[in-house]
Amino acid sequence: MKPKERMKIPRQEMHEQDAAARAKNFCEVNLGYAGPSACKEAERCLQCKDAKCIRGCPVGIDIPGFVDAVARNDLDTAAEILLSENVLPGVTGRVCPQETQCEELCVRAKKGDSVGVGHLERFVADWAREHREDLFEPPPPTGKKVAVVGSGPAGLTCAGELGKRGHAVTVFEALHRPGGVLIYGIPEFRLPNVVVEAEVETLKKRGVEIICDVVIGQTYTIPELLEEEGFDAVFIANGAGLPIFQGIPGENLKGVYSSNEFLTRVNLMGAYQFGQTDTPVIKASQVAVVGGGNTAMDAVRTARRLGADPATLVYRRSREEMPARIEEVKHAEEEGVTLKLLHNPIEILGDDDGWVRAVRCQEMKLGEPDDSGRRRPVPIEGSEFELPCQVFIEAIGTRANPLLTQTTPGLKVNKWGYIEIDDNNMTSIPGVFAGGDIVRGAATVILAMGDGKNTAASIHKYLCGDEDTTETLEESAVAETT
Ligand code: FAD
């Protein structure tokens, strides 16, 4: 097909569950492409020689390669290309912010809509899950043992990449199920647990061992893993899951949750099916959530599904400054979530029995840009009012949990408690590496995966001394530009 013909094809929309119906259930919102739409979407790709989209992908997927295979309806080849670089494609196809990564760099984005790389990735991953279980042959063992702390996207990716190179990998996970935020944070209606579980199973088939209910820093320390348990290297990928609270009066009232606790109850512990499961969650008719990121969106959309009306998101800046993905905001509004932009909660108010009854909010206006480049929210004097709610959820961010770092002598952390690493992702302790949110601070799934992948190459070099054939993100970016 000539480029002119490709340019004429409009972007293929993905079907979604009807908004009114989905506001009452936890089934996935996006329904995925059918085969013909996927082929048509793939035909829109211009197959650029200097494919900028690859530079926008922290795990370096050969995007034109797998998209071309989809266009030819050769899904075996598409799956082989995609899975050779990405161990969690069903996850990234669903939750990656493609609009600010690969799709932003797509040449078609300059003249309209980019190629739907994320939608195509999801399509191929879902097909491969059904049809290509045979994709991985375990390599000969190297005799080296690596411990990975945490089974989020950074830990799982590092484990998968090390497994591919023949190292014996054991992932230690504090919770009772692997997946990190993918399982306990991101709700079922955006990322079904079965998708994460299937991709974790694939890793296990590659020889990765996952041991749950083990808290590193308590059950074993990092020095114990190296000196007593016989591991040759350790990758720390324990995330940054400690909730931050606003520090306003009333946070000890009954009905106040951190977004982490609220989402963990619902997603990991199945509280939305309480009765069939043991974990309850407070279902209130009026719920307010403070924050403007993906976590806040997930919490407010979850509250809506549990029956809140109104389910209100309170955010102190305007829509333009919201860090949440545009699609999440659109979906939330379609589902009936109320957005109270340029508002800030300043006090949580309780009734005589100590339950939340309202939150006192203040109106804000935008002032000069702050250090983040976003315009600073400035309170408007005398604008306070009460917003009635029985549950109030704080979703303003998370930070590093000091449990592991404080039990690891000699491990350097910065002033915020995040682990310091060198250019090879090695920490101040030889043989101990780190990546993902515990190094970057709260970031994204694909950046955590990029860290896991690059660190696996560094660990391989550390253990075996030989150069790795896998390019790091930085190396592939240099190769593209020179
Ligand atoms: P995590 O995913 O946090 O995994 C760390 C794992 O380590 C956890 O399983 C934890 O239990 C375990 N652990 C912690 N301490 C220990 C210990 N001492 N011993 C053993 N195990 C331990 N990003 C996107 O790209 N798109 C999105 O749509 C998106 N939505 C999000 C929604 C929510 C609700 C949240 C909270 C985050 C979201 N993010 C999103 C961000 C993204 O999920 C994180 O950046 C990413 O998961 C970080 O990966 P990680 O592997 O570093 O850590």
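A brief look at the structure comes next.

Definitions and limits used
- The numbering scheme is per chain: residues are counted from 1 as the chain's sequence reads.
- Two thresholds apply to this predicted model, a pLDDT of at least 70 for residue-level local features and 80 or more for giving and counting side-chain atom pairs, whereas whole-chain, interface and lining totals are computed over all residues.
- The side-chain quantities take in all heavy atoms of the structure and omit both hydrogens and water.
- Helix and strand labels come from DSSP, where a helix needs a run of H or I of at least four residues and a strand needs a run of E of at least two; each type is numbered from the N terminus.
- Only C-alpha atoms enter the radius of gyration, while the globule expectation follows 2.2 Å times N to the 0.38, with N the number of residues.
- For every residue, the accessible area (1.4 Å probe, protein chains only) is compared with the maximum for its type, and the residue is labelled buried under 20%, exposed over 50%, or partly exposed between those bounds.
- The criterion used for residue contact is that any of the two residues' heavy atoms lie within 4.5 Å.
- In these tables, accessible area is a Shrake-Rupley quantity obtained with a 1.4 Å probe, and a residue counts as shielded only by the protein chains included in the view.
- For this count, His and the chain ends are skipped, Lys and Arg are scored as positive, and Asp and Glu as negative.
- Positions of charges follow a simple convention, taking NZ of Lys, CZ of Arg, CG of Asp or CD of Glu.
- Residues are called lining when one of their atoms sits within 4 Å of a cavity or pocket point, these points coming from a 1 Å grid over the protein atoms alone, where a cavity is a set in which a 1.4 Å probe fits but cannot get out and a pocket is an open set with protein on both sides within 12 Å along at least five of seven lines.
- Grid points are joined across faces, edges and corners, and a volume is the space filled by probe spheres set on the points.
- Here the nonpolar group is Ala, Val, Leu, Ile, Met, Phe, Trp, Tyr, Cys and Pro; Asp, Glu, Lys and Arg are the charged ones; every other residue, Gly included, is treated as polar.
- Between any two strands, at least two bridges found by DSSP are needed for them to pair.
- Classification remark: right-handed applies to a crossover when, strands pointing away from the viewer, the course from the first strand over the helix to the second runs clockwise.
- Note on geometry: axes are C-alpha line fits, over the in-contact stretch for helices, and angles between N-to-C directions span 0 to 180 degrees.
- Here the expected length of a helix is defined as 1.5 Å per residue gap, with one fewer gap than residues.
- When an angle is under 35 degrees it counts as roughly parallel; over 145 it counts as roughly antiparallel; between 65 and 115 it counts as roughly perpendicular; any other value is oblique.
- Nearness here has a simple test: a residue counts as near a molecule or strand if at least one of its heavy atoms is within 4 Å of that partner.
- For this analysis, a polar contact is any N or O atom pair within 3.5 Å, provided that within protein one partner can donate a hydrogen and the other can accept it, and provided that sequence-adjacent residues contribute only side-chain to side-chain pairs.

### A word on the overall build of the chain
Step number 1: Of the regular secondary structure elements, the chain holds 20 helices and 16 strands.
Step number 2: For the chain, whose C-alpha radius of gyration is 23 Å, the value lies close to the compact-globule estimate of 23 Å for 482 residues.
Step number 3: Here the chain holds 482 residues, and 54% of them are scored as buried.
Step number 4: Contacts in the chain between residues far apart in sequence, at least 24 positions, make up 69% of those at least 6 positions apart.
Step number 5: Accessible surface, the chain: about 21200 Å² in total, of which carbon and sulfur atoms supply 50%.
Step number 6: In the chain, the 53 positive side-chain charges and the 73 negative ones have mean positions that sit 6 Å from each other.

### Description of empty space enclosed by the protein
Step number 1: Throughout the structure, instances matching the rule amount to four cavities of 30 Å³ or more.
Step number 2: For the largest cavity, the calculated volume is near 170 Å³.
Step number 3: Looking at the lining of the largest cavity element by element, the count peaks at three residues for helix H5 (residues 63-71).
Step number 4: In the lining of the largest cavity, the residues fall into 13 nonpolar, one polar and four charged.

### With respect to the pairing of strand E1 (residues 145-149)
Step number 1: The buried fraction of E1 amounts to four of the five residues, a majority that puts the element mostly inside the structure.
Step number 2: With five bridges connecting them, E1 and strand E2 (residues 168-172) associate as parallel partners. Looking at E2, one finds that Ala147 is bridged to Thr170.
Step number 3: For the segment spanning E1, helix H10 (residues 153-164) and E2, crossover handedness is right-handed.

### Digging into the sheet that holds E1
Step number 1: Across the sheet, five strands lie side by side as E3-E2-E1-E4-E16; this open sheet has parallel pairing. The sheet is open, and its two edges are formed by strand E3 (209-211) and strand E16 (432-434), each paired on a single side. Pairwise comparison of adjacent strand axes, ignoring direction, gives a mean angle of 20° for this sheet.
Step number 2: Against the sheet, helix H19 (residues 445-464) engages E1, strand E4 (233-236) and E16, with an angle of about 165° to E4.

### Looking at helix H15 (residues 294-305)
Step number 1: Under the 1.5 Å per step criterion, the end-to-end length of H15 is 16 Å for 12 residues, consistent within 8% with the ideal 16 Å.
Step number 2: H15 sits mainly inside the fold: 10 of its 12 residues count as buried.
Step number 3: Listed as buried for H15 are Ala296, Met297, Asp298, Ala299, Val300, Arg301, Thr302, Ala303, Arg304 and Arg305.
Step number 4: Downstream of H15 by one or two residues, Gly307 has phi in the positive range, about 115°.

### Quick word on the packing of helix H6 (residues 75-85) against helix H9 (residues 117-131)
Step number 1: With their axes 9 Å apart at the nearest point, H6 and H9 run at an angle of 105° to one another. With respect to H9, the element H6 is oriented roughly perpendicular. Listed contacts from H9 to Leu75, Asp76, Ala78, Ala79, Leu82 and Leu83 of H6 are Glu121, Phe123, Val124, Ala125, Trp127 and Ala128.
Step number 2: Partitioning the contact of H6 with H9 into residue classes produces 10 nonpolar, no polar and two charged.

### A few points about H10
Step number 1: The end-to-end C-alpha separation of H10 is 16 Å, in line with the 16 Å expected for 12 residues at 1.5 Å each.
Step number 2: Among the 12 residues in H10, 11 count as buried, and that is most of the element.
Step number 3: Of the positions making up H10, those classed as buried are Pro153, Ala154, Gly155, Leu156, Thr157, Cys158, Ala159, Gly160, Glu161, Leu162 and Gly163.
Step number 4: Residue Gly166 follows H10 closely and has a positive phi angle near 90°.

### Brief notes about the sheet that holds strand E8 (residues 311-315)
Step number 1: Taken together, five strands build an open sheet; the order of strands is E6-E14-E7-E8-E9 and the sheet is parallel. In this open sheet, the two edge strands, each paired with only one partner strand, are strand E6 (256-258) and strand E9 (338-341). Strand after strand, the sheet turns through a mean of 20° between neighbouring axes, direction not considered.
Step number 2: Pairing of E8 with E9, which is carried by four bridges, proceeds in the parallel orientation.

### Considering the site of the ligand
Step number 1: Looking at the ligand, there are 33 residues lining it, with Val95, Glu173, Arg190, Ile216 and Asp437 nearest.
Step number 2: Contacts to the ligand include Val95, whose backbone N or O atom sits 2.7 Å from a nitrogen atom.
Step number 3: At 2.8 Å, a backbone N or O of Ile216 approaches a nitrogen atom of the ligand.
Step number 4: Compared with its free state, where it exposes 1000 Å², the ligand has 92% of that area covered by protein.
Step number 5: Looking at the shell around the ligand, the elements with two or more residues in it are H10, H15 and H19.
Step number 6: With three residues, the top contributor of residues to the shell around the ligand is H15.
Step number 7: Considered class by class, the residues forming the shell around the ligand number 18 nonpolar, 11 polar and four charged.

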